[in-house]
Amino acid sequence: MDEERMRELSLPINIKPFRMRTEEGWASFLTGEGELRALMEEEDREAVSERLVSRCTELLSPAFADVAFELGHNGEKYELILTPEGDRSRLFQLAYFRQHAPRELLKSWNIKVGRTRSENFGLRIYGQDVALEDVRVWPEKTQNSSLNLKLYCEKLAPLMKENEGQAYNIIYILLDQALGELAAMRYVDRLEVLEAPAERESIPLNHLAGFVARQVDPEGWPRANDPELAGERYTAYEGKPSEEEDWPLRADVYVGVTCCIPLLNGYFQNDDYYMDRLHQDGVVPGFFYYPLDGVDKKDILNLRDQLEQAIEARCGEGIVTFTGGATGTTFGYLDFIAWDLRTLLDAAVEVFAGAPVDWAAFHTLRSNAGSIGLKAEQEA
């Protein structure tokens, strides 16, 4: 990788930030939403469906290089449903975009993130009519209030032998309808489609939501399809600090929390799929890190919380979403998704200048990128 490309990845401030792209995206949508409504009122929707999708994609293109969506009408309002397609990092981006929808648009439109539940959903595909009640489920609650699922559908049994991938895609569509897309992302840890029914007792797929509400997460279920909940569900993790003399950044971590596991997994596995996808829209996940020398152990978490609050207050709304943090044997880490990186870094420089740490730096969640100093260590 050449030096110029490395600098771009290490400090991606020359791309248009998603905060600005969001403003431009909604301005674009406002100019053309009347045309979308007119197309959706056409009697022959199938004849105009390609044009409808193409036009909506064009209207959203100032904000998104690529985005999945659905359009509809609920009898009262038109609906734009932005779908994360199982990508939790994308969920944060879509939730941010939805939060900034213009008020005047909401008179005629509902803006949603994720497909909503449909208790009577049916699907006609490959010559078969498949409804939720046609799928049997064997649910298993896990320790972290999630689910492992085994499913069987007699109507899809032949397809499982001919094209297993297509059968799984159909099951995923049905599952999204049974729980809601965001709830399916939240609760389902593992899914297996069986070639023959299991022997123990099962429930139909249209009863799975009731099972979750009663036995898995009674308190959280009412908000299970709320996109804002993504930033409130943290997962704790532990690590074994490296004993090598020259260890890579974050290899000293022994405990941490995150509400966006895929981004951290990508960092540790040197997989930039999520970073590349977000980067093209001006979204920059990253972290601040600083030495813990001289910080009492009992004050480490308080310091991280104080830094987060001070930076957020300094840069204002719509600039950053903090996603967790970690404690290492050497460094403290504060994780975030930046919607406007330049504004965030300017605020962080000011906050770290008065913070009780010798120095501080910024790093994107790309393991092969370089660090950018925010506060230099003062010579004695």
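Scoring rules and cut-offs
- Residues numbered from 1 in each chain as written.
- Predicted model: local features only at pLDDT ≥ 70, side-chain atom pairs only at ≥ 80, totals over all residues.
- Heavy atoms only, no water.
- Helix = DSSP H or I, 4+ residues; strand = E, 2+ residues; numbered from the N terminus.
- Rg over C-alpha atoms; globule rule 2.2 N^0.38 Å.
- Buried < 20%, exposed > 50% of the residue type's maximum accessible area, 1.4 Å probe, protein only.
- Contact = heavy atoms within 4.5 Å.
- Areas by Shrake-Rupley, 256 points an atom, 1.4 Å probe, with all protein chains shown as cover.
- Lys, Arg positive; Asp, Glu negative; His and termini not counted.
- Charge placed at Lys NZ, Arg CZ, Asp CG, Glu CD.
- Patch = residues over 30% accessible without salt bridge, like charges linked within 9 Å, V, L, I, M, F, W, Y side chains within 5 Å.
- Salt bridge = Lys/Arg side-chain N within 4 Å of Asp/Glu carboxyl O.
- Expected span 1.5 Å × (residues − 1).
- Bend = angle between axes of the 7 residues up to and from the residue.
- Phe/Tyr/Trp six-rings, centres within 6.5 Å; stacked < 30°, edge-to-face > 60°.
- Lys NZ or Arg CZ within 6 Å of the ring centre and 35° of its normal.
- pLDDT = per-residue confidence, 0-100.
- Axes fitted to C-alpha atoms, helices over the stretch in contact; angles between N-to-C directions.
- Parallel < 35°, antiparallel > 145°, perpendicular 65-115°, else oblique.
- Nonpolar A, V, L, I, M, F, W, Y, C, P; charged D, E, K, R; others polar.
- Pairing = 2+ DSSP bridges.

Moving on to the overall build of the protein. Within the protein, the secondary structure is distributed over twelve helices and 16 strands. For 380 residues, the compact-globule formula gives about 21 Å, and the C-alpha radius of gyration of the protein, at 23 Å, lands near that figure. Within the protein, the proportion of its 380 residues that are buried is 50%. A separation threshold of at least 6 residues defines the contact pool for the protein, and within that pool the share at least 24 residues apart is 69%. About 19,500 Å² of surface is accessible on the protein, with carbon and sulfur atoms providing 44% of the total. Counting 40 positive and 66 negative side-chain charges, the protein places the averaged centre of each group 4 Å from the other.

Our focus in this paragraph is the environment of arginine 45. As for its placement among the helices and strands, arginine 45 is situated in helix 3 (residues 45-60). Filtering out sequence-adjacent residues up to four positions away, arginine 45 remains in contact with Leu39, Met40, Leu52 and Leu71.

This part is about a negative patch on the surface. On the surface, a cluster of negative charge is contributed by Glu42, Glu43, Asp44 and Glu46. Of note, glutamate 42 is situated in the loop between helix 2 (18-40) and helix 3. The class for glutamate 42 is partly exposed, based on a relative accessible area of 41%.

This part covers the pattern of salt bridges. Overall, the coordinates contain 24 salt bridges when judged by the stated rule. One salt bridge connects aspartate 176 with arginine 115, and the closest N-O pair in it is separated by 2.9 Å. Of this pair, aspartate 176 sits in helix 6 (residues 164-179) while arginine 115 sits in the loop between strand 3 (109-113) and strand 4 (122-125), and the two are 61 residues apart along the sequence. We classify arginine 115 as partly exposed; its relative accessible area is 22%. A salt bridge links arginine 186 to aspartate 217; the shortest N-O distance between them is 3.2 Å. A residue pair is termed long-range when its members are at least 10 positions apart, and arginine 186 in helix 7 (residues 181-187) and aspartate 217 in the loop between helix 8 (208-216) and strand 10 (235-238) qualify at 31 residues. Residues participating in the shared-partner salt-bridge network are Glu35, Arg51, Arg55 and Glu58.

In this section: helix 3. Given a rise of 1.5 Å per residue, 16 residues ought to cover 22 Å, and the 21 Å separating the end C-alpha atoms of helix 3 matches this to within 8%. Roughly 30° is the biggest bend found in helix 3, and it falls at arginine 51. By the burial criterion, the buried members of helix 3 are Val48, Leu52, Arg55, Cys56, Leu59 and Leu60. Where helix 3 is buried, its residues touch helix 2, strand 1 (68-73), strand 2 (78-83) and helix 4 (88-99).

Moving on, we come to unusual backbone geometry. We note that glutamate 85 has phi near 55°; this positive angle belongs to a residue other than glycine. Tracing the backbone shows glutamate 85 in the loop between strand 2 and helix 4. At arginine 250, a residue that is not glycine, the phi angle is positive and equals roughly 80°. With respect to the helices and strands, arginine 250 occurs in the loop between strand 10 and strand 11 (253-258).

Moving on, we come to the packing of aromatic side chains. A full pass over the atoms with the stated rule returns 27 aromatic pairs. Relative to phenylalanine 287, the ring of tyrosine 267 lies with its centre 5.8 Å away and its plane at 90°, an arrangement referred to as edge-to-face. On the criterion of sequence distance, the pair formed by tyrosine 267 in helix 9 (residues 261-268) and phenylalanine 287 in strand 12 (residues 284-291) is long-range, its members being 20 residues apart. In this pair, the class of tyrosine 267 matches that of phenylalanine 287, namely buried. Of the aromatic side chains, those joined through ring pairs into one cluster are Phe18, Trp26, Phe29, Phe64, Tyr78, Tyr96, Phe97, Trp109 and Trp339. Its guanidinium or amino end placed over the ring of tyrosine 333, arginine 250 lies 4.9 Å from that ring's centre, counting from NZ or CZ.

Bringing the confidence of the model for the protein into the picture now. A residue-level look at the protein finds 97% of positions with pLDDT of 70 or above and a mean pLDDT of 91. Within the protein, no element has a lower average pLDDT than helix 1 (residues 3-10), which sits at 74, and none a higher one than strand 14 (residues 331-338), at 98.

This part takes up the packing of helix 6 against helix 8. Orientation of helix 6 relative to helix 8, taken along the N-to-C sense of each, is 50°, at an axis distance of 8 Å. Taken together, the axis directions place helix 6 and helix 8 in an arrangement best described as oblique. Taking contact as the criterion, the partners of Leu175, Ala178 and Leu179 in helix 6 are, on helix 8, Leu208, Ala209 and Val212. Tallied by class, residues from the contact of helix 6 with helix 8 come to six nonpolar, no polar and no charged.

Glancing now at the sheet that holds strand 12. Overall, antiparallel pairing links the seven strands, which are arranged 10-11-13-14-12-15-16 in an open sheet. Of all the strands in the sheet, the pair left with one neighbour each is strand 10 and strand 16 (372-375). The average angle at which neighbouring strand axes cross in this sheet is 20°, direction not considered. One ladder, built from four bridges, connects strand 10 with strand 11; its direction is antiparallel. By the bridge assignment, tyrosine 237 is partnered in strand 11 with glycine 256.

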